[in-house]
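Understanding the architecture of this molecule
For reference, the chains in residue letters:
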Amino acid sequence: MTLVITSACVDVKDGICTTSCPVDCIYEGGRMYYIHPTECIECGMCESICPVDAIRYADEVEEGERAFVALNDAAFRDADGQLLEPGGWKKGRPPVADPPALAVLSPAIHA
Ligand code: F3S
């Protein structure tokens, strides 16, 4: 079961989780970071390092946060719904686009 990033990351983007990932599957987005659903090897190294406790195994996400499981996946889909496999995030790489659903789930804090 892959890990996912939830709402506590939105507009925080601490980024320290990326330093713990052995396969660089945590990607920067515009308002939050996302974990790639197939590049993640489910090691759990990132889960405890997040200062705002935003990371969960997908099957342990709280009820009110369940939409973020699909949101992490959606961040890596093209317009046809095909899963993109960027091959690993590196600092300085352009951020992935936030899925439109993020604006509905988490209205801008810093509007
Ligand atoms: Fe976000 Fe926490 Fe990583 S705030 S960027 S999930 S360290």
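Quick summary incoming for the structure in this document.

Definitions and limits used
- Residues numbered from 1 in each chain as written.
- Predicted model: local features only at pLDDT ≥ 70, side-chain atom pairs only at ≥ 80, totals over all residues.
- Heavy atoms only, no water.
- Helix = DSSP H or I, 4+ residues; strand = E, 2+ residues; numbered from the N terminus.
- Rg over C-alpha atoms; globule rule 2.2 N^0.38 Å.
- Buried < 20%, exposed > 50% of the residue type's maximum accessible area, 1.4 Å probe, protein only.
- Phe/Tyr/Trp six-rings, centres within 6.5 Å; stacked < 30°, edge-to-face > 60°.
- Core = buried A, V, L, I, M, F, W, Y, C linked by side-chain atoms within 4.5 Å.
- Contact = heavy atoms within 4.5 Å.

**A few points about the overall build of the chain**
Looking only at helices and strands, one finds two helices and four strands in the chain. Its C-alpha radius of gyration of 13 Å places the chain within 12% of the 13 Å reference for a compact globule of 111 residues. For the C-alpha atoms alone, the extent of the chain along its principal axes is close to 35 × 30 × 30 Å. Within the span of the chain, comprising 111 residues, buried residues form 41% of the whole.

**Quick notes on the packing of aromatic side chains**
Under the criterion given, the structure shown has two aromatic pairs. Centre to centre, the rings of Y33 and W89 are 5.9 Å apart; their planes meet at 70°, and the pair counts as edge-to-face. You can see Y33 sitting in strand β3 (residues 33-35) and its partner W89 sitting in the loop between α1 (67-74) and α2 (101-105), a full 56 residues away along the chain.

**Some details on the nonpolar core**
Core analysis: the biggest nonpolar cluster contains 26 residues, and I5, I26, M32, Y34, I35 and I55 have the highest contact counts within it. When residues of this core are traced back to their parent elements, those giving at least two are β1 (3-5), β2 (26-28), β3, β4 (55-57) and α1. A total of three residues in this core trace back to one element, the largest contributor, which is β3. If we ignore the near neighbours within four places in the chain, the residues touching I5 are I26, M32, Y33, Y34, I35, A54, I55, F68 and N72.

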